[in-house]
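Residues per chain are reported as follows:
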Amino acid sequence: MIPYLTRVVVKSAITLFAIATLTFIATRLSGNPIDTFLGEGLTTEGRLELIRYFQLDGTLWQQYLAFLRGALSGEFGLSFVDRRPVTEVVGDRLWASGQLLLASVGLTVVLSIPLGIIAALYRKSWIGSAVMMVAFAGYAVPSFILAIIMILIFSYWLNWLPVVGNGSFLHFIMPTIAMSGVLIAALTRFTRNAMLDVLGQDFIRTARAKGLREARVVLRHGFSNAGVTVISVIGLQVAGLAAAGSVVVESIFSWPGIGQLLVNAALIRDYPVLQFGVIVVAVAVVIINAITDMSYALVDPRIRLARN
Amino acid sequence: MANLADPVSRPRRKTDRTDFIQKIAIAIAVILVVSAVFAPVITPFGPLDQSLLSRLRPPLGFERYLSGHLAGTDELGRDVLSRSLHGLRLTLALAFAGALIGLLIGGTLGLIAGLRGGWVEDAIMSLVDMQIAIPFTLIALLILSLLGSSLTVLVVVLGIAGWEQYARIVRAEVRRLSSLPFIEAAWTAGAGPFYAAWRHVLPNLVSPLVVQFTLALSNIVILESTLSFLGLGVQPPQPSLGSMVGLGRDYMPTAPWIVLTPAALIVALTFSVQILGDWLRDRADVRLHDR
């Protein structure tokens, strides 16, 4: 168990280091960021002062070392726009993003797992096909279109739901659904396939043969085993999809989270914010993946032992 | 793995209903591709032609409809249908170019990883893992913001978007094939790595790659229109389906048709392409046939 955990941690650390380095190279690739950001109309002294202010002097190598030192002590530079540490700028928005993420993942789990089980049980009847059609639609409709259509119907026509902000429960409904569309599609599909794999196995027939009720067979013997796969999918796929989705959904609904911040930073070229935001999201995804890997191994002795 | 005792020709397992859906999907895909290719010929108005006297006119069948503008006009009096079809054309061109670049990069790296093995394979596969770890929308945001969103940069970004999927598929297939007797026979007969790859491995990769290419097309359409929607992809005034939805958002309460036509085209495109992709995958993947 310990060597396996160590490997997961080391692998995550290497990935994070590589991501930090790549974002650094990327933000320095296009020349001095100050030039692209501030453009013309600066005196030479003012320019030099700003370069010093944002610690962009020195060779690329010195900048890289400074960046790594800063990263280790939790300093990632100042936002070009806010003139505040990017850690604060991003930190302010963490909770709003977290709320939306939790709501979406919650909705996804509550809907997808029963739907997936139903689709597996009734795969030959119209119920199964209907569920899979809905899951399919979730894949095909981009989240921004889902959001736009909902805004059109529920805000402009029916006047039921607010479009902008995150003040009340009503504010959560549309963003959560828009973000969950793809997640529900993915998780329903995986749950169904995992259930089909398990339900076809011998021990399920044995459970039925010894007279257990169908509900117990499906839930206790079937889902308990399929659940391991499902949990791993929630961690591995849903984390990435949600991070990508939050960028779109937050900027549509003016949700004061990290996704909206990143789109704005990209549009106005506030590189320090963009760089740190990408690192934060990558760290979140890598950590979630690592936790998934570990819990996967904890739950399933086959993996723990096989990989040792 | 397929059981050797299984009959060669399997009984039909799809119902007529799904066949029907696939036929519709193929028909929609063909119509969309044809109208995109011939967009400059069949559209009555240029995508950038403005007419301030006929601004914000609704589509056919509504009051104040201006004849000729079937899907209405936008805030500058441009014909929404003409713009949408030109946008579709650009979106499809970008999607094909992106999927092709991804296929070339991913296919080559996957082939190298599968054939060479050792540290080369480890390096390539850890790159794959890394790309999976970061949501690609973020990478795209970073690149487009840094390099500006010209069409060239956009094509490259869309190309990088899916390479890791190709690389995984190709590597796995190459590993599987390498242990099969006919490849071993080729090695034994003195075939070099390039000859073996070209003559014996590639032909077997065609069908999984075709499936992946189709699915990648639809993913890239979604990615491109999302980026253009956010203002980071295709730049106005050039029409793209995503940017039309993004810019038309401001007029949604009074002129929803500006948004609805391009949105409907995006959904029709991704739907039909994904149904096609699923259908191709079902046909190509023997393991799925029992489901």
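Small disclaimer: the values here were computed from a predicted structure and weren't measured.

Scoring rules and cut-offs
- All residue numbers refer to positions counted from 1 along the written sequence of the respective chain.
- Labels follow written order: the first chain is A, the first ligand is 1, and so on.
- This being a predicted model, a pLDDT of at least 70 is required before a residue's local features are given, and a value of 80 or more before pairs of side-chain atoms are given or counted; all residues contribute to the totals for chains, interfaces and linings.
- Helix and strand labels come from DSSP, where a helix needs a run of H or I of at least four residues and a strand needs a run of E of at least two; each type is numbered from the N terminus.
- With C-beta atoms placed from the backbone, a residue is buried if 20 or more other C-beta atoms are within 10 Å of its own, exposed if 12 or fewer are, and partly exposed between those counts.
- Remark: residues whose backbone-derived C-beta atoms lie within 7 Å of one another are considered to be in contact.
- The residue classification treats Ala, Val, Leu, Ile, Met, Phe, Trp, Tyr, Cys and Pro as nonpolar and Asp, Glu, Lys and Arg as charged. All others, Gly included, are polar.
- What pLDDT conveys is the predictor's confidence in a given residue, as a value from 0 to 100.
- Each axis is a line fitted through C-alpha atoms, and for a helix only the stretch in contact is used; angles between axes span 0 to 180 degrees, taken between their N-to-C directions.
- Take the far helix as your reference; a near helix turned counterclockwise from it by less than a right angle gives a left-handed crossing, and one turned clockwise gives a right-handed crossing.
- Each nonpolar core reported here comprises buried Ala, Val, Leu, Ile, Met, Phe, Trp, Tyr and Cys residues connected via C-beta atoms within 7 Å.
- Where each domain starts and ends comes from a domain assignment, either automatic or drawn from a database.
- One less than the residue count of a helix, multiplied by 1.5 Å, gives the span that helix is expected to have.
- Between 65 and 115 degrees an angle is taken as roughly perpendicular, under 35 as roughly parallel, over 145 as roughly antiparallel, and anywhere else as oblique.

Of the regular secondary structure elements, chain A holds 13 helices and zero strands. In sequence order, the secondary structure elements of chain A are arranged as α-α-α-α-α-α-α-α-α-α-α-α-α. Taking the principal axes of its C-alpha atoms as reference, chain A extends roughly 85 × 60 × 30 Å. Considering chain A as a whole, with its 308 residues, one finds that 38% of them fall into the buried category. Counting only contacts in chain A whose residues sit at least 6 apart along the sequence, the fraction spanning at least 24 positions is 71%.

Counting secondary structure elements, chain B contains eleven helices and zero strands. When its helices and strands are written in sequence order, chain B yields α-α-α-α-α-α-α-α-α-α-α. Over its C-alpha atoms, taken along the principal directions, chain B stretches across nearly 75 × 50 × 30 Å. Across the 291 residues of chain B, 43% fall into the buried class. Sequence-distant contacts in chain B: of pairs separated by 6 or more residues, those separated by 24 or more amount to 70%.

Accessible area lost upon the coming together of the parts serves often as the stated size of an interface. Contacts between the two partners involve 34 residues from chain B, matched on the other side by 36 residues from chain A. Taken together, the elements giving at least two residues each to the side of chain B that touches chain A come down to helix H4 (118-133), helix H5 (136-147), helix H9 (193-230) and helix H11 (257-284) of chain B. Ranked by residues supplied to the side of chain B that touches chain A, first place goes to H5(B) with ten residues. Its residues assigned to classes, the side of chain B that touches chain A comprises 25 nonpolar, seven polar and two charged.

So, on to the confidence of the model for chain B. The predicted coordinates ought not to be read in detail in places where the model reports low pLDDT. Residues and elements named next belong to chain B. Per-residue pLDDT for chain B averages 82, and the proportion of residues at 70 or more is 91%. Predicted confidence in chain B is weakest over helix H2 (residues 39-42), with a mean pLDDT of 80, and strongest over helix H3 (residues 80-116), with 91. Here the prediction assigns the complex a pTM of 0.84, and the interface score ipTM is 0.81.

Scored by pLDDT, chain A comes out at a mean of 81, with 91% of its residues at no less than 70. Across chain A, the secondary-structure element scoring lowest on mean pLDDT is helix H13 (residues 301-307) of chain A, at 61, and the one scoring highest is helix H7 (residues 143-157) of chain A, at 90.

As a further point, take the packing of H3(B) against helix H7 (residues 163-178) of chain B. Residue and element names in this part refer to chain B. In the contact formed by H3 and H7, the axes pass within 7 Å of each other and the chain directions differ by 35 degrees. Judged by the twist between their axes, the crossing of H3 over H7 is right-handed. The segment H3 lies against H7, with Gly102, Leu103, Ile105, Gly106, Gly107, Leu109, Gly110, Leu111, Ala113, Gly114 and Leu115 engaging Trp163, Glu164, Gln165, Tyr166, Ala167, Arg168, Ile169, Val170, Arg171, Val174 and Arg175. Here the residues of the contact of H3 with H7 are counted per class, giving twelve nonpolar, six polar and four charged.

Next up on the list: unusual backbone geometry. Put simply, B:Pro236 and B:Pro237 share a cis peptide bond, and its omega is 10 degrees. A positive phi angle is found at A:Asn159, which is not glycine, with a value near 60 degrees. Inspection of the secondary structure assignment puts A:Asn159 in the loop between H7 and helix H8 (169-199).

Membership of the largest hydrophobic core comes to 148 residues, with the highest contact counts inside it found for A:Leu262 and B:Leu141. Leaving out residues up to four positions away in the same chain, A:Leu262 has contacts with A:Val247, A:Leu274, A:Gly277, B:Leu138 and B:Leu141.

Along its sequence, chain A is carved into domain 1 (23-75) and domain 2 (87-307). A separation of 38 Å is found between the C-alpha centroids of domain 1 of chain A and domain 2 of chain A.

With that out of the way, let us pick up H8(A). With 31 residues, H8(A) extends only 39 Å from end C-alpha to end C-alpha; this falls clearly short of the ideal 45 Å at 1.5 Å per step. With 22 of 31 residues buried, H8(A) is to be regarded as a mostly interior element.

On to the environment of B:Pro237, then. Tracing the chain through its elements places B:Pro237 in the loop between H9 and helix H10 (241-248). Separated by 59 residues in the primary sequence, B:Pro237 and B:Ser178 have C-alpha atoms spaced 51 Å apart.

This part is about the environment of B:Ile26. Residue placement: B:Ile26 occurs in helix H1 (residues 16-37). Here the alpha-carbon distance between B:Ile26 and B:Ser82, two residues 56 residues apart in the chain, equals 23 Å.

Residues and elements named next belong to chain B. The residue Leu70 is located in the loop between H2 and H3 in this model. When the 16 C-beta atoms within 10 Å are taken as the criterion, Leu70 is described as partly exposed. In the structure, Leu70 is positioned eleven residues away from Leu81 in sequence and 6.8 Å away in space, judged by C-alpha atoms. Ignoring any residue separated from it by four or fewer positions in sequence, one finds Leu70 in contact with Pro59, Leu60 and Leu81.

Once that is clear, we can look at the packing of helix H6 (residues 126-140) of chain A against H8(A). Residues and elements named next belong to chain A. At a minimum axis separation of 7 Å, H6 and H8 run at an interaxial angle of 135 degrees. With respect to H8, the element H6 is oriented oblique. Taken as a pair, H6 and H8 cross one another with a handedness that is left-handed. Each of Val131, Ala135, Gly138 and Tyr139 in H6 lies in contact with H8, whose residues at this interface are Gly181, Val182, Ile184, Ala185, Thr188 and Arg189. In the contact of H6 with H8, the residues fall into six nonpolar, three polar and one charged.

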